[in-house]
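# Inside the fold
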Amino acid sequence: MTTIVAWAGVDQRKVASVYIASDSRISWGSSHIWNQGRKTFAATGSAHIFGYWGDVLFPSIALPTVLDELAAGVVRSKGSAFGEIGNGIRRLWTDYPKQEQRDFGIVMATRRREAMDAVFELAIMTFDSKTGTWDLKDVPMPQSSARLHIAGSGASEVRNAGLLWEESSQGGTSRAVYGAFTEALAHGTDPYSGGGPQLVGLRRIGPAIRFGTVFQGKRYLAGARVTQATVRASKVEWFNELFERVDGARGRRLSDAQRHLSR
């Protein structure tokens, strides 16, 4: 299972960013776990981000293929922003073994155009193994910063933390959404969610971004633990539990970064 959350950041003018965050735990029943599993994806040359929850095997294999197809121009956003991507995922599924088919969901987001003409879009694609049916739904963008979707075995813990964050002075901000997510992850109530947070996002300009995270004094990139020496050599942007921009090597808030308060 998983805990996954997606949200939009809105400034004084309009939607300025969209993010997807997830935990990194992959579980085999209650017998054993792995805390460095990749669950979020960012396209390197286009404005597309993805994340998944539920069954691990198919989406973890299919989404890298989707990224390659986007990079090669095989999949294009014509008409519906996600129609061709959804069709591509279903094509990969056509000969997937029936005995291995289990419930899962995919969060996908994209951006059309750039700068102040940018339009962000997000959709949820799910597969129900009992009925063998697919569903693809667009999620409307909010007027102020807000959570767009939450799913997985740890969703209720994030919702509960989110209520407290929204009642605080930080309510109605991106940091309230991410703060609630990392707080729930740190508490560890859900046995099927764990490891470090992983984070991808879209801004008004440029391709999708893979962010590094600093969590409980450790550094993570795409769910994997990374060393301090590796961080120093990277060009990755890092965030801590309060969604502050930080120096990945030292874990300290950058001098030009806005300070965020806890709830």
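Whatever comes next refers back to the structure up there.
The end-to-end C-alpha distance of helix α1 (residues 57-72), which contains 16 residues, comes to 24 Å, matching closely the 22 Å that a straight helix rising 1.5 Å per residue would cover. Buried within α1 we find F58, P59, A62, L63, V66, L67 and L70. Along the axis of α1, the buried residues cluster in a sector spanning 150°; they form a single face. Away from the buried face of α1 by more than 90 degrees, exposed residues I61, D68, A71 and A72 are located.

In the structure shown here, the tally under the stated rule is one cavity of 30 Å³ or more. By volume, the largest cavity amounts to about 70 Å³. Lining the largest cavity, in full, are T3, G154, E157, V158, F181, A184, L185, G188, T189, D190 and S193. Those elements giving two or more residues to the lining of the largest cavity turn out to be α3 (155-167) and α4 (174-187).

Along any regular strand the residues' side chains alternate between the sheet's two faces. The buried fraction of strand β1 (residues 3-10) amounts to eight of the eight residues, a majority that puts the element mostly inside the structure. By the alternation rule, side chains of β1 split into T3, V5, W7 and G9 and I4, A6, A8 and V10, which are all buried. As judged from the seven bridges shared by β1 and strand β2 (residues 15-22), these two strands associate in the antiparallel manner. Paired with A6 across the bridge in β2 is I20. Connecting the antiparallel pair β1 and β2 is a turn made up of four residues.

Summed over all chains, the structure comprises 12 salt bridges. Between R204 and D11 there is a salt bridge; the shortest N-O distance is 2.8 Å. Placement of the pair is R204 in the loop between β11 (198-203) and β12 (209-215) and D11 in the loop between β1 and β2, with a sequence separation of 193 residues. Using a relative accessible area of 12% as the deciding quantity, one classes R204 as buried. With a shortest N-O distance of 2.9 Å, R203 and E237 are connected by a salt bridge. Of this pair, R203 sits in strand β11 while E237 sits in the loop between α5 (228-232) and β15 (238-239), and the two are 34 residues apart along the sequence.

The rules behind the values
Residues numbered from 1 in each chain as written. Predicted model: local features only at pLDDT ≥ 70, side-chain atom pairs only at ≥ 80, totals over all residues. Heavy atoms only, no water. Helix = DSSP H or I, 4+ residues; strand = E, 2+ residues; numbered from the N terminus. Expected span 1.5 Å × (residues − 1). Buried < 20%, exposed > 50% of the residue type's maximum accessible area, 1.4 Å probe, protein only. Arc of directions from axis to C-beta. 1 Å grid on protein atoms, 1.4 Å probe; cavity = no way out; pocket = protein on both sides within 12 Å on 5 of 7 lines; lining within 4 Å. Points joined across faces, edges and corners; volume = space filled by probe spheres on them. Pairing = 2+ DSSP bridges. Salt bridge = Lys/Arg side-chain N within 4 Å of Asp/Glu carboxyl O.

The analysis is restricted to geometry; functional conclusions fall outside its scope.
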